[in-house]
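In case you want the letters, here they are:
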Amino acid sequence: MPKMRAVQVSRAKGPFEIVERDIPEPGSGSVRIKVQACGVCHSDSLTKEGMFPGLEYPRVPGHEVIGLVDAVGPGVAGLTVGERIGVGWNGGYCGYCEACRRGDFFACQTATRVTGITSDGGYADYMIAQSSAVARVPKELSEIDAAPLMCAGITTFNALRHSGAGPGEVVAILGLGGLGHLGVQYAAKMGFKTVAIARGQDKEALARKLGASHYIDNQTQDPAAELARMGGAKAILATVTSGDAMRSVLGGLAVNGTMLVIGAVPSLEVNPLFLLGGRRSVKGWYSGTSIDSQDTLRFSVLTGVRSMNEVLPLERASEAYERMMSGKARFRVVLTTGN
Ligand SMILES: [Zn+2]
Ligand SMILES: [Zn+2]
């Protein structure tokens, strides 16, 4: 039996272990991917820390996967060996449940399928993916460029394009980390009047380089007041992990404005009078499914949006994870397999 390297977690809060495993065979409706690169995401902590309900160990994390179709299982149409593909958070869907039949594939009711959580992910030489989870990767993107776009990219791109904001309207991106540095680029390239909000004056130059036309330092300025002075934001993309930071910006929403929450904060306090008085909303956003990933990659090629990455080999997954979790990484970390 041919073997491969995999980085697995064997128990909640356990360490990453580099192990040798049999190369898996794709079952019905699945493909085997020869992994080239896999991004490290904050949500990998759900696997590492055991915070996802029903998680089974050992588990290989990783849901920003780029690689080549290596083998095709029975019943798969439209994918051929050698094709370059990517897999993100969404691990596929059935296509026949009520949610799928309404086009809400992300909310598939037959099973929860999350790459690297309900099945093994991309911290390995090979992985199995459902064919419905697979996005095609344009040749213009390297595997390192493409990997972080499979979660950080799609999440910000897809939220922004569904934000309800139109060209020239004010859109604020709260936070300038792994998600925010992509959010600012996408917002600017979509033609929004893009406002970056982050802590400290030292981030202004980067924000402007990424395409922000305005910068608000929320350590010294009141972000809600600053946005209100600009007429209010049609959309605020909240990428941070602090509920207080989100609340401090919420007051900057324009009439009919929407705050899109993509940072998983424990709780968020909102003033209902402010919402209903201006028909404003606070909304969560699910990253998207494989076709949304494909749109994200295509738009990134078209406009030149790229993630800024630190690159480490698969064997250094533990160090990569630490850099991501500590916030030291500038701005995403990508593992490469050498395949
Ligand atoms: Zn992610
Ligand atoms: Zn379904």
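Here we summarise the structure given alongside this text. Owing to the predicted nature of the structure, the values given are computational and were not obtained by experimental measurement.

1. Details of the pairing of strand S10 (residues 214-217)
Strand direction decides the pairing type here: strand S9 (residues 193-198) and S10, joined by four bridges, are parallel. Residue pairing for S10: Ile 197 is matched across the bridge by Ile 216. In this fold, the crossover linking S9 to S10 by way of helix H6 (residues 204-209) has right-handed handedness.

2. Regarding the coordination of the zinc ion (ligand 2)
The textbook angles at a metal center are 109.5 degrees for a tetrahedron of four donors and 90 or 180 degrees for an octahedron of six. Looking at the zinc ion (ligand 2), the protein donor atoms are Cys 94 (SG), Cys 97 (SG), Cys 100 (SG) and Cys 108 (SG), and they sit 2.3 to 2.4 Å from it. Bound by four donor atoms, the zinc ion (ligand 2) shows angles of 104 to 117° at the metal and therefore tetrahedral coordination geometry. Counting the intervening residues between successive donors of the zinc ion (ligand 2) yields the motif C-x2-C-x2-C-x7-C. Placement of the pair is Cys 97 in the loop between strand S5 (84-87) and helix H2 (98-101) and Cys 108 in the loop between H2 and strand S6 (126-130), with a sequence separation of eleven residues. In this pair, the class of Cys 97 matches that of Cys 108, namely buried.

3. Here's the deal with the environment of Met 150
Mapping Met 150 onto the fold places it in the loop between helix H3 (143-146) and helix H4 (152-161). In this structure Met 150 comes out as buried when scored by relative accessible area, which is 1%. The residues touching Met 150, leaving out its near neighbours within four places in the chain, are His 63, Glu 64, Val 65, Ile 66, Gly 86, Val 87, Gly 88, Trp 89, Ala 135, Ser 293 and Leu 297.

4. Some thoughts on the sheet that holds strand S12 (residues 253-261)
Spatial ordering of the open sheet is given by S10-S9-S8-S11-S12-S13, a layout of six strands whose pairing is parallel. Looking at which strands have only one partner, the edges of the open sheet turn out to be S10 and strand S13 (281-284). Adjacent strand axes in the sheet meet at a mean angle of 20° when their direction is disregarded. In this sheet, S12 lies alongside strand S11 (residues 233-238) in parallel orientation, the contact comprising five bridges. Paired with Ile 236 across the two strands is Met 259, which belongs to S12. Packed onto the sheet, helix H5 (residues 180-189) meets strand S8 (170-174), S9 and S11 and runs at close to 170° relative to S8.

5. Digging into H5
An α-helical segment advances 3.6 residues per turn. Residues three or four places apart therefore align on the same side. Of all ten residues making up H5, eight are buried, and the element is well covered by its neighbours. Where H5 is concerned, the buried positions are Gly 180, His 181, Leu 182, Gly 183, Val 184, Gln 185, Tyr 186 and Ala 187. Two residues or fewer past H5, Gly 191 is found with a positive phi of approximately 90°.

6. Focus on the nonpolar core
Counting 40 residues, the largest nonpolar core has Leu 160, Val 171 and Tyr 186 as its most contacted members. Elements with a minimum of two residues in this core: H4, S8, H5, S9, H6, S11 and helix H10 (290-303). What Leu 160 contacts, discounting residues up to four positions off in sequence, is Val 171, Ile 173, Gly 183, Tyr 186, Ala 187, Met 190, Phe 192 and Leu 237. Listed in part, the 34 residues of the second largest apolar core include Ile 33, Val 35, Ala 129 and Ala 320.

7. Regarding unusual backbone geometry
Here the residue pair Tyr 57 and Pro 58 is connected by a cis peptide bond, since its omega of -5° sits within 30 degrees of zero. Checked against the element boundaries, Pro 58 lands in the loop between helix H1 (44-49) and strand S4 (65-72). With an omega of -5°, the peptide bond between Arg 330 and Phe 331 qualifies as cis. Inspection of the secondary structure puts Phe 331 in the loop between helix H11 (317-326) and strand S15 (332-336). The phi angle at Asn 256 is positive, at roughly 65°, despite the residue not being glycine. In this fold, Asn 256 is placed in strand S12. Positioned with a positive phi, Arg 279 is a non-glycine residue whose angle comes to about 50°. Position of Arg 279 relative to the elements: it lies in the loop between helix H9 (272-277) and S13.

8. Brief notes about the coordination of the zinc ion (ligand 1)
Listed as protein donors to the zinc ion (ligand 1) are Cys 41 (SG), His 63 (NE2) and Cys 151 (SG); their distances from the metal cover 2.0 to 2.2 Å. Considered as a linear motif, the donors of the zinc ion (ligand 1) on their single chain read C-x21-H-x87-C. Taken together, the residues span a long stretch of sequence, with His 63 in the loop between H1 and S4 and Cys 151 in the loop between H3 and H4 at a distance of 88 residues. Owing to a relative accessible area of 1%, His 63 belongs among the buried residues under this scheme. Judged by its relative accessible area of 8%, Cys 151 is buried.

9. What about the packing of aromatic side chains?
Scanning the entire structure with this criterion turns up seven aromatic pairs. Pairing Phe 157 with Tyr 186 gives two aromatic rings, centres 5.4 Å apart and planes at 65°, and the pair type is edge-to-face. Here the residue Phe 157 occupies a position in helix H4, and Tyr 186 occupies one in helix H5, the gap between them amounting to 29 residues. Here Phe 157 falls in the buried class, since its relative accessible area comes to 5%.

10. Some remarks on H10
With 14 residues, H10 should reach 20 Å at 1.5 Å per residue; the first-to-last C-alpha distance of 20 Å fits that figure. The element H10 is extensively covered by neighbouring structure, given that ten of its 14 residues are classed as buried. The complete set of buried residues in H10 reads Ser 290, Asp 292, Ser 293, Gln 294, Asp 295, Thr 296, Leu 297, Phe 299, Ser 300 and Thr 303. Elements in contact with the buried residues of H10: strand S7 (134-136), H3, H4 and H5. Just beyond H10, the residue with positive phi is Gly 304, at close to 85°.

Quick notes on the rules
- Residues numbered from 1 in each chain as written.
- Chains lettered and ligands numbered in written order.
- Predicted model: local features only at pLDDT ≥ 70, side-chain atom pairs only at ≥ 80, totals over all residues.
- Heavy atoms only, no water.
- Pairing = 2+ DSSP bridges.
- Helix = DSSP H or I, 4+ residues; strand = E, 2+ residues; numbered from the N terminus.
- Right-handed = clockwise from strand over helix to strand, strands pointing away.
- Donors = N, O, S within 2.8 Å, 3.2 Å for Na, K, Ca; no water.
- Tetrahedral: all angles 85-135°; square planar, octahedral: opposite > 155°, others 65-115°.
- Buried < 20%, exposed > 50% of the residue type's maximum accessible area, 1.4 Å probe, protein only.
- Contact = heavy atoms within 4.5 Å.
- Axes fitted to C-alpha atoms, helices over the stretch in contact; angles between N-to-C directions.
- Core = buried A, V, L, I, M, F, W, Y, C linked by side-chain atoms within 4.5 Å.
- Phe/Tyr/Trp six-rings, centres within 6.5 Å; stacked < 30°, edge-to-face > 60°.
- Expected span 1.5 Å × (residues − 1).

Bear in mind that shape data such as this cannot, by itself, settle questions of function.
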